[in-house]
Amino acid sequence: MTLSKRLKSSVSNLAQGAVGVAAGLALVFAIAGAPAQALAQAAPAPAPAAAPAIQGQGPALWVVKDADSTLYLFGSIHVLRPTTGWNSPRVQAAFESASDIWFEISNPDDQAAMVPLIQQYGLSPQAPLSSRLTAEELAQLDVAAKTIGASAAQLDPLKPWLAALSLSVAPLVKAGYDPQSGVELALKARAEAAGKPIHGFETLEDQIGMLATLPDDVQLEFLRETLKDFDQAVVLLDAMVEAWAKGDVQALDKIVVEDMKADAPELYKVLLVDRNTDWADQIQTQLQGSGTAFIAVGAAHLTGDDSVQSILKSRGVAVESVE
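Fair warning: this is a prediction, and the values are worked out from it, not measured in the lab.

Digging into the packing of helix α4 (residues 111-121) against helix α10 (residues 204-212)
Closest axis-to-axis distance for the α4/α10 pair is 11 Å, and the angle between their directions is 25°. Between α4 and α10, the angle falls in the class roughly parallel. Between α4 and α10 the crossing geometry is right-handed. Every residue of α10 that contacts α4 at Ala 113, Met 114, Leu 117, Gln 120 and Tyr 121 is listed here: Leu 204, Glu 205, Ile 208 and Ala 212. Of the residues belonging to the contact of α4 with α10, the class tally is seven nonpolar, one polar and one charged.

Some details on helix α9 (residues 183-194)
For α9, built from twelve residues, the straight-helix expectation of 16 Å at 1.5 Å per residue is met to within 8% by its first-to-last C-alpha distance of 17 Å. Those residues of α9 not exposed but buried are Val 183, Glu 184, Leu 185, Ala 186, Leu 187, Lys 188 and Ala 191.

As for the nonpolar core
Within the largest apolar cluster, 43 residues are counted, with the highest numbers of intra-cluster contacts made by Phe 74, Trp 86, Leu 187, Trp 244 and Phe 294. Residue contacts for Phe 294: discarding those within four places in its chain leaves Leu 61, Tyr 72, Phe 74, Val 91, Ala 94, Phe 95, Ala 98, Asp 100, Ile 101, Trp 102 and Leu 187. Membership of the second largest hydrophobic core comes to 30 residues, among which are Leu 162, Leu 165, Leu 220 and Phe 222.

Some points on the confidence of the model for the protein
When the pLDDT values of the protein are averaged, the result is 82; 81% of them are 70 or greater. Overall, residues 1-22 carries pLDDT values under 50, and its contacts beyond four positions in sequence, including any with other chains, amount to 96 contacts. Scored below 50 in pLDDT, residues 33-46 shows 25 contacts in the model against residues more than four places distant or in partner chains.

Points about the packing of helix α13 (residues 249-263) against helix α14 (residues 265-287)
When two helices pack together, their arrangement is given by the angle between their axes and by how far apart the axes lie. It is the contact of α13 with α14, at a shortest axis distance of 5 Å, that shows an interaxial angle of 125°. By the angle between their axes, α13 is oblique relative to α14. The residues of α14 that touch α13, namely those facing Val 257, Met 260, Lys 261, Ala 262 and Asp 263, are Pro 265, Leu 267, Tyr 268, Leu 271 and Leu 272.

Some points on the sheet that holds strand β3 (residues 100-105)
Taken in spatial order, the six strands of this open sheet run β4-β3-β5-β2-β1-β6, and their pairing is mixed. Two strands in the sheet have a free side with no partner beyond their single neighbour: β4 (198-202) and β6 (319-321). Taking each pair of neighbouring strands and ignoring which way they run, the sheet shows an average axis angle of 25°. For strand β1 (residues 61-65) and β6, the ladder comprises three bridges, and the chain directions are antiparallel. For Trp 62, the partnering residue across the bridge sits in β6 and is Ser 321. Lying over the sheet, helix α3 (residues 89-97) contacts β1, β2 (69-76), β3 and β5 (291-298), oriented at roughly 125° with respect to β5. Along the sheet, α10 contacts β3 and β4; its crossing angle with β4, the most-contacted strand, is approximately 30°.

Criteria and thresholds
Residues numbered from 1 in each chain as written. Predicted model: local features only at pLDDT ≥ 70, side-chain atom pairs only at ≥ 80, totals over all residues. Heavy atoms only, no water. Axes fitted to C-alpha atoms, helices over the stretch in contact; angles between N-to-C directions. Helix = DSSP H or I, 4+ residues; strand = E, 2+ residues; numbered from the N terminus. Parallel < 35°, antiparallel > 145°, perpendicular 65-115°, else oblique. Left-handed = near helix turned anticlockwise from the far one by under 90°. Contact = heavy atoms within 4.5 Å. Nonpolar A, V, L, I, M, F, W, Y, C, P; charged D, E, K, R; others polar. Expected span 1.5 Å × (residues − 1). Buried < 20%, exposed > 50% of the residue type's maximum accessible area, 1.4 Å probe, protein only. Core = buried A, V, L, I, M, F, W, Y, C linked by side-chain atoms within 4.5 Å. pLDDT = per-residue confidence, 0-100. Pairing = 2+ DSSP bridges.

The structure is reproduced here in C-alpha cells:
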C-alpha cells in the first residue's frame, strides 16, 4: 500500500478525518461543515440537531476518579446521520453532573475563526490545482466538486489537502451523514444552554497544522486518491458507527485503529499516539484540581493499546468503564 493510499485510508478511517477523522480529528468536519465555495467568508452555522435518545447501553463511557475529581471520558463520532441514537441515560447523567465540558477543540463551529486559518494554511493561488493536475483529473475534480455545490474553478485556489478534505465529506453527506448531527455540536449546544464552561485540548490551528504541513507530494496523492474513490468512505464509516453505537470497543479498534497502526505508523503516531499522550498529561493536570468534568473526544483516541485510558493506566491512574 502506497503512502498516499495509507494516508487516505487512515484519515478516512478516523472519520474525525476525512471520513474522518469521524473518530479522530474534529477539524475535519469543522471544515466539512463549511462548503468550499463559502470558505472565503464567515457565515453562521445552522443549529445542531438534538441527539436522539436511545435505549440500552449505547456508546462506551469511562470515568477517572481521585479523592476530589471525577472525569468522564466519552468517545465521539464527529459526523452522524440525524437518526443515529447515542444519548444514553448514563451519558446524559454523566454530562449533567459535570461542571465543565472538554472537547478536542472548543470551537469546531466557529467559522469566523476558521476563515483566517483557511486563508493562511489552505490557499495557494500562486500554485492552483489546475496547474498541478492533469486534464482528466481536473474533470474528475469538477464532477466531485459539484457534489458539494461547487466547481473545479472554485476549488482551484485550495491547497491539495484542503481540497481533498472538503471533497471527502461529499459521499458521507449523500449517504445521510451530517456534520451538524455530530456528537460535539450537540453536546456543545447543550453545554452552552446550561451555562457550562467549554474547553479544548487543542486549537483549530493545531489540527489544521497536522494536515497543512504534510509534504506537498503526499497532499497531491491524497487528493488524487480521494477523486478516484468516494464509495469506500461510506462503507467504512457505516461499520465504525455501528460498532461505536453498540459500545463495541474491540470492533472499533479493529475497524479504526489496527489498520492505521499497521499501514501508516507515521500518521498513527502523529494523529493518535502523540495527541493521546498530550491529552493524558492534561487530564492528569485536571486531576490535581477538583470537581467533575465531561470529556468528549474522537472515539479513535479511546480505543486500542495507545488510547488515552491505556496511557493513564500505565501511569498508575485508575480508569473504569461506566456500565
